[in-house]
Amino acid sequence: GKKNGKKTVEEPVIKSEIKPAESDLTRMPGWFEFAGYCLCPGTVILGPWVSFTEYTNIFKEPRWNITWLVKILFTVMFAFMFLTISTCWNPWLIPDSGWKWWLAYRDAMSFRASHYFVSFMSEASAITAGFGAHVVGGQLLWHFTVTQPHNIEVPRSLVEVVVSWNLPMHRWLKQYVFKQTRSRFGPGPAVLMTYFASTLLHGLSGQLAAVLISLGFYTWVEHSLRDKLSHIMDASIGARREADSRRKHREGSAWVILVNLLFGLLAMFHLAYLGVMFDQSSPEQVTGYSWSHTLAKWKRLDYTSHWVVGVMAIINWLL
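Here the structure is a predicted model, which means the values were calculated and not measured. (Residues numbered from 1 in each chain as written. Predicted model: local features only at pLDDT ≥ 70, side-chain atom pairs only at ≥ 80, totals over all residues. Heavy atoms only, no water.)

Participant: Please provide a residue-by-residue account of the overall build of the protein, values included.
Facilitator: When you go through the protein residue by residue, the secondary structure sums to 14 helices and four strands. Put simply, the protein has 319 residues, and 42% of those count as buried. Taking all contacts inside the protein whose residues are at least 6 apart in sequence as the whole, residues at least 24 apart take part in 64%. A total of about 18500 Å² of accessible surface is found on the protein, and carbon and sulfur atoms cover 68% of it. (Helix = DSSP H or I, 4+ residues; strand = E, 2+ residues; numbered from the N terminus. Buried < 20%, exposed > 50% of the residue type's maximum accessible area, 1.4 Å probe, protein only. Contact = heavy atoms within 4.5 Å. Areas by Shrake-Rupley, 256 points an atom, 1.4 Å probe, with all protein chains shown as cover.)

Spelled out as structure tokens, the structure:
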């Protein structure tokens, strides 16, 4: 195509590498191809999920440069930084004698930091295998995002947290579960089926099932309520940032910033509550947490988060 009168040959390459086509398979792979895809050393241990097209692309003109090595080293460095936060810094900064909500935030944050460690290590292993090569301005760069901690720790909404938690798996669930179910049964059953599929992929853990089912209800209520409020007030206060500025009151407005900040703080409160049962100091983490452990943790916090979402659901229904 042309840009400012000059030909740009890199643009089609960038688009095809960053966002694979929705119809991933144009032909069925052979047994050896499928085995190579399933047992790819870059993804078989820690993930992340990659499409078959992305897998076959790493064998087409393999490209290695110093940027590739630097990217791997920095990604591993970030991974171990989050590991120290999870195992060392959090327990030291917030001792067991603290307020129960500080302890809830500490335990949830430690769990999230351990997730970031695994995610950044999976990113490093994928890039080592050759995934994530992008040509930008004639220069070969490496970029394969698995998680976005900044969108989780300082969220706009719980919807943003769910999307940023594991971007490759979000893409898979959206394409192959949510969209397929929504086209047949509508958005409500699609959300439930997506979280049910996620529960199955997590191994039918009772503890994770309680969190994921709660999270599914939370995100549905939040998205629906904020969508209604954004239409009523004609303001950009939806769960996701709007790409176009069609609202009268836009993102830069002072009161819009305040409302989005309050919803973000509420999301941080819910994250502390939902993640409190992932106590890494408990001996139950080896064998798996029971339902009684999960309910006991939430009972200690008076089920506050569930009550808050229940009130939001009633307001959403009234609107």
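After that view of the structure, there is still more to cover.
Participant: Describe the pattern of salt bridges, and please don't skip the residues or the numbers.
Facilitator: The tally for this structure, following the rule as stated, stands at nine salt bridges. Note that Glu222 and Arg226 form a salt bridge whose closest N and O atoms lie 3.7 Å from each other. With Glu222 and Arg226 both in helix H10 (residues 206-233), this residue pair falls four residues apart, about one helical turn. Per residue, the accessibility class of Glu222 equals that of Arg226, and both read buried. Three or more residues joined by partner-sharing salt bridges are found here, namely Asp96, Arg106 and Asp107. (Salt bridge = Lys/Arg side-chain N within 4 Å of Asp/Glu carboxyl O.)

Participant: Requested: an account of helix H4 (residues 66-93), with residues and values cited.
Facilitator: Look at H4: 38 Å from first C-alpha to last across 28 residues, which is about the 40 Å you get at 1.5 Å a residue. At Ile85, H4 shows its maximal bend, which comes to roughly 45°. Among the residues of H4, Trp68, Ile72, Thr75, Ala79, Phe82, Ser86 and Asn90 are the ones counted as buried. For H4, the secondary structure elements touched by its buried residues are helix H5 (100-128), strand S4 (139-142) and helix H6 (149-153). (Expected span 1.5 Å × (residues − 1). Bend = angle between axes of the 7 residues up to and from the residue.)

Participant: Help me get a handle on the pairing of strand S3 (residues 133-136), residues and values and all.
Facilitator: The pairing of S3 with S4 spans four bridges and is classified as antiparallel. Bridging from a neighbouring strand, Val135 pairs with Leu140 of S4. In textbook terms, the turn of a hairpin is the stretch between consecutive antiparallel strands, and for S3 and S4 this stretch comprises two residues, one of which, Gly137, has a positive phi near 60°. (Pairing = 2+ DSSP bridges.)

Participant: I'd love a proper account of the environment of Gly216, names of residues and values included.
Facilitator: Among the structural elements, Gly216 can be located in helix H10. Residue Gly216 is classed as buried on the basis of its relative accessible area of 7%. Along the chain, Gly216 and Val162 lie 54 residues apart, while their C-alpha atoms are 9.3 Å from each other. In this view, Gly216 contacts Val191 and Tyr195; residues no more than four positions away in its chain are not counted.

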